[in-house]
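Observations on the three-dimensional arrangement
The residues making up each chain are set out below.
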Amino acid sequence: MVITADHGEMLGEKGLMSHGRPAGMYQPLIRVPLIMHAPGLMPQGVCSDALVQCADITRTLASVAGVGESLAPTGAEAVDLRAAAEGAGRPYALCQREGFPEGRLERAQRQNPSFDFQPHVTHMSAAAQDGWKLIHGRSGENELYDLRHDPDESLNLIDENPERAAELSRVILDWEMRAQPQTATA
């Protein structure tokens with residue numbers, strides 16, 4: 001049994017009430033629960049802070065079922081969630097979303113008139129690594145947070161930590177290059 005979600009909700013954080021993606025890539029939207037229950041196949045009673053992604057679920061379930069080799073290879077590495085339960089998660093986690101549709105943006109603005117949605121309307125990526133998170137928008141407005149000391153993402157440290165921001169930007173760019181659709185070969 002697997003219980004998870006495709007995204008979270010903004011329930012007043014940053015002054016927003018929102019379903020899904022209008023408000024960028026903040027933690028309430030991208031950090032979702034993941035509960036797996038498979039007696040005898042998965043570690044039981046473990047709560048882990050390891051970085052994982054929803055994409056790891058398919059690979060793990062296929063591996064547990066003994067058919068992991070039958071899945072098509074991808075440019076993105078997968079983590080077996082059984083190992084993540086023991087703390088061996090990803091070195092980083094990524095998420096992306098496309099630009100925000102105009103009609104939905106107008107509705108979100110009516111619901112949250114004091115929030116500036118403009119930096120959040122373009123394609124966005126977020127990378128988390130070593131307790132840091134970079135939110136990268138194609139509009140050029142980036143945000144950097146130290147999640148260990150600021151889990152509410154209230155202090156954007158992009159100007160104070162340009163090296164960390166550049167490192168996480170490289171993580172995003174490297175992942176985008178590897179995860180692009182591959183040409184089929186005969």
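For the structure itself, consult the block above.
Now for a description of the structure that goes with this document. These figures come from a predicted structure and were not determined experimentally.

So, the overall build of the chain
- Secondary structure assignment for the chain yields 5 helices and 8 strands.
- Taken over 186 residues, the chain has a buried fraction of 34%.

Let's talk about the sheet that holds strand 5 (residues 93-97)
- The strand order across the open sheet built from 4 strands is 5-6-7-8, with neighbouring strands paired in antiparallel fashion. If you trace the sheet from one side to the other, it starts and ends with strand 5 and strand 8 (143-146), each paired once. Pairwise comparison of adjacent strand axes, ignoring direction, gives a mean angle of 10 degrees for this sheet.
- Summarising the sheet, strand 6 (residues 124-129) and strand 7 (residues 132-137) pair through 6 bridges and their orientation is antiparallel. Bridge pairing in strand 7 links A128 to K133.
- Helix-sheet contacts for helix 5 (residues 162-179) involve strand 5, strand 6, strand 7 and strand 8, and the interaxial angle to strand 6 is about 115 degrees.

Some details on the packing of aromatic side chains
- Going through the model one piece at a time under the given rule, you end up with 1 aromatic pair.
- Between the aromatic rings of Y26 and Y145, the centroid separation amounts to 6.5 Å while the plane-to-plane angle is 65 degrees, which identifies the pairing as edge-to-face. Within this pair, whereas Y26 is found in the loop between strand 3 (17-19) and helix 1 (27-30), its partner Y145 is found in strand 8, the two being separated by 119 residues in sequence. Of the two residues examined, Y26 and Y145, each falls in the buried class.

Details of the environment of I172
- Checked against the element boundaries, I172 lands in helix 5.
- In sequence terms I172 and A127 are 45 residues apart; their C-alpha atoms lie 6.5 Å from each other.
- Contact partners of I172, with chain neighbours within four places excluded, come to L94, S125, A126, A127, L134 and H136.

Focus on the nonpolar core
- With 16 residues, the main nonpolar core has F117 and I135 as its most contacted residues.
- Non-local contacts of I135, meaning those with residues more than four positions away in its chain, are made with M25, Y26, M124, S125, A126, E141, N142, E143, Y145 and E153.
- Membership of the second largest hydrophobic core comes to 12 residues, among which are A127, W132, L168 and W175.

The rules behind each value
- Residues numbered from 1 in each chain as written.
- Predicted model: local features only at pLDDT ≥ 70, side-chain atom pairs only at ≥ 80, totals over all residues.
- Heavy atoms only, no water.
- Helix = DSSP H or I, 4+ residues; strand = E, 2+ residues; numbered from the N terminus.
- Buried < 20%, exposed > 50% of the residue type's maximum accessible area, 1.4 Å probe, protein only.
- Pairing = 2+ DSSP bridges.
- Axes fitted to C-alpha atoms, helices over the stretch in contact; angles between N-to-C directions.
- Contact = heavy atoms within 4.5 Å.
- Phe/Tyr/Trp six-rings, centres within 6.5 Å; stacked < 30°, edge-to-face > 60°.
- Core = buried A, V, L, I, M, F, W, Y, C linked by side-chain atoms within 4.5 Å.

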